[in-house]
Amino acid sequence: MKQQNFYIIDFDSTFTQVEALDELARISLNKHPDKEAIFKKIEDYTNLAMEGKLSFSESLAQRVKLLEANEDHLKQLITRLKKKVSSSFSRNAAFFKKHADEVLIVSGGFKEFITPVVSQYHIKKENIYANTFVTTGDGKIIDYDHANPLSEEGGKVKLMRQMDLKGDLYGIGDGYSDFQLRESGLIKKFFAFTENIARESIVSKADHVTPSFDEFLYVNNLPRAISYPKNRILCLVIGDVPAESIALLKKDGFSIRHKTSFEEKYVGDVGMIILADGEKLENEKLSRAVKLKTIGYLGSARNKFSLQTCTEMGIVVFDDVKSNPRSATFIPKRVIDFMNKGTTYMSSNFPNLQLPAIDKSHRLIHIHKNVPGIMAQINTIFAKHNINIVGQFLMTNATLGYAITDINAEYDKQLFKSLKKIENTIKFRVLY
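On to the sheet that holds strand 14 (residues 362–369), then. Strand order across the open sheet formed by 4 strands is 15-16-14-17, with antiparallel pairing between neighbours. The open sheet is flanked by strand 15 (389–396) and strand 17 (425–430), the only strands paired with a single partner. Neighbour to neighbour, the strand axes of the sheet diverge by 10° on average, direction disregarded. Pairing geometry for strand 14 and strand 17, over 5 bridges, is antiparallel.

Structure, rendered in structure tokens:
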């Protein structure tokens, strides 16, 4: 009989982008004359506990004492938190629905705000373990239930020992209380979640650093919204590229390296390149960049590198022939749109194709030489594998064919191998 897995997920700075008690303080103390000083104290207590420098029980007691919050403030907090769910958790809602019995939210936060947020993602209320507030008759928060093990130092360890789950347990979180589960031997692996914050003292102790929930699902071969985590795609930024360009790429989750030149050590692994105006690429290195999918040039790419080589290798190029100041955001957005949806709109060397993402489907990209019969071969392979096509798009120019196929069925690796073997194929890629 297959061993059951359980996924123990933290809430603050993991499932959500923020620390909820910090956010509640900003709401409840909004009109307080000393609000900034109190905010700082609350954040300090949070960080000391997350880094293991202060007992969780002491941190929690001090924070609740400073809150001055009530039930109306909680309602405002819930509205805010629903908009602050971590992107990689939000896009993998289907995973939580499919694995509802195995997902547990275990948090030192409070059920009053956690339950309304995570319940939207098909997480069962009976699988949510957190503290509870004590309120007065008029709704003012004055304390919390001290009998709850999660209010104590080492609370997650105490709770999991009481639960005595039978199976393999995997922990995902950003703080010391999450690592304590691994230290206690109660969980098989601890994944340090760094999408929102990376605490070095925790990261150094993790079994695996996961910059996104996509990474966790990928490493554990679990169903996921995108086939390959963005944090594993190397984006090389070369030259004097504006900070706002880099910020856009970082926000979307790519692994950024900012360099002054195309260093040899990156040639074999780079998936994206952003070039400042005036920078050049040597053709010899470009021709060996076999994983490179797209280049964004913040200006005119004319005579800066070989567009012909890019086209022959299936590398999509975006540039701005007018060297417009808008390039700082316009070009990175074009590159991001291509990586996320396969959109080649306003590309310099590819057929222009613009299309929306389609829910509950997998998007496959096939780049090939523009010769007759390729689409017929592609669809024959889909038919042999009993694949139902949801949507299909083909654009061509004088030399290239660019085909996008959306399918709604599960696929196997043999399908990919067959598509790659079609004669005149340049590149094949699964987007999600």
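Residues separated by three or four positions in an α-helix point in the same direction, a consequence of the helix having 3.6 residues per turn. Most of helix 2 (residues 20–28) is tucked away, with 8 of its 9 residues classed as buried. Among the residues of helix 2, A20, L21, D22, E23, L24, A25, I27 and S28 are the ones counted as buried.

With 15 residues, helix 16 (residues 327–341) should reach 21 Å at 1.5 Å per residue; the first-to-last C-alpha distance of 20 Å fits that figure. Most of helix 16 sits inside the fold, with 11 of its 15 residues counted as buried. Every buried residue of helix 16 is listed here: S327, A328, F330, I331, P332, R334, V335, I336, D337, F338 and M339. Considering only its buried residues, helix 16 is in contact with helix 13 (243–251), strand 11 (270–275), strand 12 (294–297), strand 13 (316–318), strand 16 (400–407) and strand 17. Positive phi shows up at G342, right after helix 16, with a value of about 85°.

Phi is positive for N303, close to 65°, though the residue is something other than glycine. In this fold, N303 is placed in the loop between strand 12 and helix 15 (307–313).

Across soluble globular proteins, nonpolar side chains have a tendency to be buried as a group. Counting 52 residues, the largest nonpolar core has F11, F15, F96, F113 and F213 as the members making the most contacts within it. Other than its neighbours up to four places away in sequence, F113 contacts F11, A20, L21, L74, L77, I78, L81 and F133. Within the second largest apolar cluster, 31 residues are counted, among which are I233, L353, L400 and L431.

This paragraph deals with the pattern of salt bridges. A complete count under the given rule lists 23 salt bridges for this structure. Here K158 ties to E152 by a salt bridge, and the two come within 2.7 Å at their closest N and O atoms. When its relative accessible area of 36% is taken as the criterion, K158 is described as partly exposed. Of the charged contacts in the structure, one is a salt bridge between E215 and R232, with a shortest N-O distance of 2.8 Å. You can see E215 sitting in helix 12 (residues 213–219) and its partner R232 sitting in the loop between helix 12 and strand 9 (234–238), a full 17 residues away along the chain. Salt bridges linked by common partners bring D10, K156 and D178 together as one network.

Moving on, we get to the side chain of H73. Residue placement: H73 occurs in helix 5 (residues 71–82). When near neighbours in sequence (up to four residues on either side) are disregarded, H73 contacts L24, I27, S28 and E68.

Before going further, it helps to examine the sheet that holds strand 1 (residues 5–9). Across the sheet, 6 strands lie side by side as 3-2-1-6-7-8; this open sheet has parallel pairing. The open sheet terminates on both sides in strands that have one partner only, identified here as strand 3 (128–131) and strand 8 (208–210). Taking the axes of each pair of neighbouring strands and ignoring which way they run, one obtains an average angle of 20° across the sheet. Of the pairings in the sheet, the one linking strand 1 to strand 6 (residues 168–173) comprises 5 bridges and is parallel in character. Across the sheet, the residue bridging to Y7 is Y170, located in strand 6. In the packing of helix 9 (residues 155–163) onto the sheet, contacts are made with strand 1, strand 2 (103–110), strand 3 and strand 6, and the angle to strand 2 comes to roughly 140°.

Attention shifts here to a positive patch on the surface. There is a patch of like positive charges on the surface, built from K413, K417, K420 and K421. Along the chain, K420 turns up in helix 18 (residues 413–420).

According to the stated counting rule, one finds 27 aromatic pairs in the structure shown. For the pair F11 and F15, a centre-to-centre distance of 6.4 Å together with 10° between the ring planes defines the contact as stacked. Pair noted here: F11 and F15 are both in helix 1 (residues 11–15), with a separation of 4 residues, about one helical turn. Both residues of the pair, F11 and F15, count as buried. Ring geometry for F89 against F213: centres 4.4 Å apart, planes inclined by 15°, an arrangement best described as stacked. In this pair, F89 is assigned in helix 6 (residues 87–90) and F213 in helix 12, connecting sequence segments 124 residues apart. Over the ring of F39 we find R26; its NZ or CZ atom is 4.3 Å from the centre of that ring. Across from the ring centre of F338, 5.4 Å away, lies the NZ or CZ of R429, which sits over that ring.

Calculation notes
Residues numbered from 1 in each chain as written. Predicted model: local features only at pLDDT ≥ 70, side-chain atom pairs only at ≥ 80, totals over all residues. Heavy atoms only, no water. Pairing = 2+ DSSP bridges. Helix = DSSP H or I, 4+ residues; strand = E, 2+ residues; numbered from the N terminus. Axes fitted to C-alpha atoms, helices over the stretch in contact; angles between N-to-C directions. Buried < 20%, exposed > 50% of the residue type's maximum accessible area, 1.4 Å probe, protein only. Expected span 1.5 Å × (residues − 1). Contact = heavy atoms within 4.5 Å. Core = buried A, V, L, I, M, F, W, Y, C linked by side-chain atoms within 4.5 Å. Salt bridge = Lys/Arg side-chain N within 4 Å of Asp/Glu carboxyl O. Patch = residues over 30% accessible without salt bridge, like charges linked within 9 Å, V, L, I, M, F, W, Y side chains within 5 Å. Areas by Shrake-Rupley, 256 points an atom, 1.4 Å probe, with all protein chains shown as cover. Lys, Arg positive; Asp, Glu negative; His and termini not counted. Charge placed at Lys NZ, Arg CZ, Asp CG, Glu CD. Phe/Tyr/Trp six-rings, centres within 6.5 Å; stacked < 30°, edge-to-face > 60°. Lys NZ or Arg CZ within 6 Å of the ring centre and 35° of its normal.

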